[in-house]
Amino acid sequence: MAYSLYSSIPKKPLSSILIPSPKIIFNKHLPFVTPSIFPYLGSYCTWSVSRVSPCVAETDEHHHASPGLVAKEYSDLNLPEKFSEDVGNLRIRQHVNPLRRVLMIPAEAPNWKEVFEDATLPLMVDIGSGSGRFLMWLAKRNTSSMNYLGLEIRPKLVTRAEYWVNELGLKNVHFISTNAMVSFQRVISTYPGPLMLVSILCPDPHFKKKHHKRRVVQKPLVDAIVNNLAHGGQVFIQSDVLDVALDMRNYFNAVPDKLVHIDSVDPSLPCDSDGWVLNNPMGIRTEREIHAEFEGCKIYRRVYQKV
Ligand SMILES: C[S@@+](CC[C@H](N)C(=O)[O-])C[C@H]1O[C@@H](n2cnc3c(N)ncnc32)[C@H](O)[C@@H]1O
């Protein structure tokens, strides 16, 4: 069965401020992309705006520096401005502390046959899926070849995402409100199909050293991802904060017998001299990525493959 892990190119040309979309090469299991020339946008991102208003990704319309950019990039989704009254207007400004006792209770696995039309399809899991637009965009392009699952700790974002999924009539994307640190293994180990891609994109940075233990990428999560990933499955991580990217990289580099970095198996995904993947391989940027690049930040990416 041929399917695409990564998405196809957006049909409409994006605005000139957006990065060019990569070209896709399909192969049986891992249709990597041939990246386009990617303009290096420069300096280290300080999250200076985001420190005042952290995790701006899900509230693009309120972002000071890049209003409308997210709506523009995701215009294909044509999401309704209004969502159900009980969701309300989402202005979420604080990082969640995932170690709070109430958030340490693992979620139950869903009945997969109820949440996906075909629960045997290859699965992509996005950890910290924010608004969910990123997964919906991918799901819309791969309706019959992939399932998409978002794990997001903020219930309101999940409620809104599920509302949008309903509006779009998508049967291959689902969101669970949970702390991925404690639920990943329990939930994903029950999925009937192969886990082919896990993404952790611009996770909350938790800057203070004493808060690093709140960062989502910790050894138990990495072990759970590696153990559940199908042979040939991939992990895509990125951050606009170098320290966070290095932290994640160290964790995933620490299992070299299970995971290899993509540049050693696929030269079509080039890296810079420090080993960061140059281009976004998905055909769509996440919301945080859009804002960060607008501010001139570099995105530090790694793509691993299970061997
Ligand atoms: C900075 S936002 C990035 C959102 C999106 N990935 C993007 O790139 O635009 C980080 C997201 O991860 C969620 N998050 C933080 N810790 C989490 C955890 N332990 N489990 C699940 N989601 C988490 C936050 O609520 C937030 O929506």
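Residues numbered from 1 in each chain as written. Predicted model: local features only at pLDDT ≥ 70, side-chain atom pairs only at ≥ 80, totals over all residues. Heavy atoms only, no water.

Caption draft 1: Quick peek at the confidence of the model for the protein. For the protein, the mean per-residue pLDDT works out to 82, and 74% of the residues sit at or above 70. A low-confidence stretch, residues 7-44 (pLDDT under 50), is modelled with 104 contacts involving residues beyond four sequence positions or located in other chains. pLDDT under 50 marks residues 48-62. Its contacts with residues more than four places away, or in other chains, come to 46 contacts. (pLDDT = per-residue confidence, 0-100. Contact = heavy atoms within 4.5 Å.)

Caption draft 2: Summary view of the sheet that holds strand β6 (residues 195-201). In spatial order, the strands read β5-β4-β3-β6-β7-β9-β8; together these seven strands make up an open sheet with mixed pairing. Among the strands making up the open sheet, the edge pair consists of β5 (173-177) and β8 (259-261). Recorded for the sheet is a direction-independent mean angle of 20 degrees between the axes of neighbouring strands. Where β8 lies against strand β9 (residues 300-306), three bridges are found, and the strand directions are antiparallel. Counted as the bridge partner of Leu259 is Lys306 from β9. Strand contacts of helix α5 (residues 155-168): β4 (147-152) and β5, with the helix running at about 160 degrees to β5, the strand carrying the most contacts. (Pairing = 2+ DSSP bridges. Helix = DSSP H or I, 4+ residues; strand = E, 2+ residues; numbered from the N terminus. Axes fitted to C-alpha atoms, helices over the stretch in contact; angles between N-to-C directions.)

Caption draft 3: The site of the ligand, seen in detail. Neighbouring the ligand are 22 residues, the closest being Glu152, Arg154, Asn179, Leu201 and Thr286. The separation between a nitrogen atom of the ligand and a polar main-chain atom of Gly128 is 2.9 Å. A distance of 2.9 Å separates an oxygen atom of the ligand from a polar atom in the backbone of Arg288. Counted by class, the shell around the ligand contains 12 nonpolar, five polar and five charged residues. (Near = heavy atom within 4 Å. Polar contact = N/O pair within 3.5 Å; in protein donor to acceptor, adjacent residues only side chain to side chain. Nonpolar A, V, L, I, M, F, W, Y, C, P; charged D, E, K, R; others polar.)

Caption draft 4: Broad picture of the pairing of β5. When you tally the buried positions in β5, you get four out of five residues, the bulk of the element. Relative to β5, β4 runs parallel, the two sharing five bridges. Directly across from Leu149, in β5, lies its bridge partner His174. Handedness of the β4-α5-β5 crossover: right-handed. (Buried < 20%, exposed > 50% of the residue type's maximum accessible area, 1.4 Å probe, protein only. Right-handed = clockwise from strand over helix to strand, strands pointing away.)

Caption draft 5: Broad picture of the environment of Ala161. Note on placement: Ala161 falls in helix α5. Owing to a relative accessible area of 1%, Ala161 belongs among the buried residues under this scheme. Sequence-wise, Ala161 and Gly150 are 11 residues apart; in three dimensions their C-alpha atoms are separated by 9.4 Å. Each residue touching Ala161, except ones within four places of it in the same chain, is listed here: Ser131, Met136 and Phe175.

Caption draft 6: Quick look at the pattern of salt bridges. Summed over all chains, the structure comprises 14 salt bridges. Its salt-bridge partner being Arg133, residue Glu287 comes within 3.1 Å of it at the nearest N-O pair. Within this pair, whereas Glu287 is found in helix α9 (residues 287-294), its partner Arg133 is found in helix α4 (residues 133-141), the two being separated by 154 residues in sequence. Two residues, Arg285 and Glu293, come together in a salt bridge whose shortest N-O distance is 2.6 Å. What makes Arg285 buried here is its relative accessible area of 3%. Overall, the relative accessible area of 6% leaves Glu293 in the buried class. (Salt bridge = Lys/Arg side-chain N within 4 Å of Asp/Glu carboxyl O.)

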